[in-house]
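Read off the chains here:
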Amino acid sequence: MLSYRHAFHAGNHADVLKHWLYSLVLDYFNQKDKPYWVIDTHAGAGLYQLDSAVANKTAEYVDGIQRLQQSQPAEIFDSYLQAVAAAAKGQKNLYPGSPCIASHFLNAADKLRLFELHPADAALLEQQFSQQKRQVSIQQKDGFEGIKACLPPPTKRGIVLIDPPYEVKDDYARVVDCIKDSLKRFATGTYLIWYPRLQRPEPQQMIDKLRSLNTDYLHVTLDVQQPSADGFGMYGSGMWVINPPWTLRQSVEPHLSWLANTLAQDAGAQAACEGQQR
Ligand code: SAM
């Protein structure tokens, strides 16, 4: 089933949380002068037109990136906002997906490996990166399977983003299986897993299983509203980061309340983080 299209959601509160943390990890990797690989198992289309009919059907970006851009964020948001501006070439109506965010941070020797199953989005990625064929590879295949051939990366430094649509319940279990297998191949990689906060058991079950792996991790959640009375809908999202940069928690924690207030849709907005680092 491939009905999910990220274009409907580009730049929303969940993208802000995910791409902010992703940018901080990429920025951290750039502090060392050693090449690394970035593997994005569910890449999406790469760049989104915010003034398109699709994006404006629900206009989720208005309460996401647009609010951030119109506020006065602390310096810790600079690298993310610079990545957004650079990928959009200064145009306010463009928003980068994870492939373009990553590409902004890459140095000449770094590599980006993208997996995207949807033929239309894979074609858009091909177009987007047609001038960077030596650095960026795009495969129209299952990212949970494709990642196996990428690990461990020859550079022995790597970032993995796992960001499935979770439209099928299977995705929750597949994330856990993928992480277990990936850690066997590449135990020291930094893995970022995005998930939706919903009133159903699967997200929490997935988090419990990730926690039981007993790795170093940072878990950040951002709720923008109260869970709905009818039990449906996404009220926030979370990021589970395995082997996070040691600076990540101290960098983000002081700014989470501000972010929740800035992106709040009602009084239920809140953000939190917890983790383990040995
Ligand atoms: N990571 C993107 C970003 O942050 O801009 C958004 C990705 S979107 C949430 C999920 C994408 O995964 C969709 O474009 C969907 O077509 C694709 N997809 C779904 N199942 C997949 C699979 N098994 N392997 C690779 N891509 C898949």
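Now for a description of the structure that goes with this document. (Residues numbered from 1 in each chain as written. Predicted model: local features only at pLDDT ≥ 70, side-chain atom pairs only at ≥ 80, totals over all residues. Heavy atoms only, no water.)

**Some details on the packing of aromatic side chains**
Across all of its chains, the model carries 6 aromatic pairs by this definition. Ring centres of Tyr166 and Tyr172 lie 4.5 Å apart, and the angle between their planes is 35°; on these two criteria the pair is classed as tilted. Each member of the pair, Tyr166 as well as Tyr172, is classed as buried. When the centroid spacing of 4.2 Å and the interplanar angle of 10° are considered together, the rings of Tyr217 and Trp240 count as stacked. Placement of Tyr217 in strand E8 (residues 217-223) and of Trp240 in strand E9 (residues 236-242) is noted, with a sequence separation of 23 residues between them. With respect to class, Tyr217 is no different from Trp240; both count as buried. Of the aromatic side chains, those joined through ring pairs into one cluster are Trp20, Phe77 and Trp258. One residue, Lys18, lies across the ring of Trp194, its end atom 5.6 Å from the ring centre. Lying over the aromatic face of Trp37, Arg113 brings its terminal NZ or CZ to 4.6 Å of the ring centre. (Phe/Tyr/Trp six-rings, centres within 6.5 Å; stacked < 30°, edge-to-face > 60°. Buried < 20%, exposed > 50% of the residue type's maximum accessible area, 1.4 Å probe, protein only. Helix = DSSP H or I, 4+ residues; strand = E, 2+ residues; numbered from the N terminus. Lys NZ or Arg CZ within 6 Å of the ring centre and 35° of its normal.)

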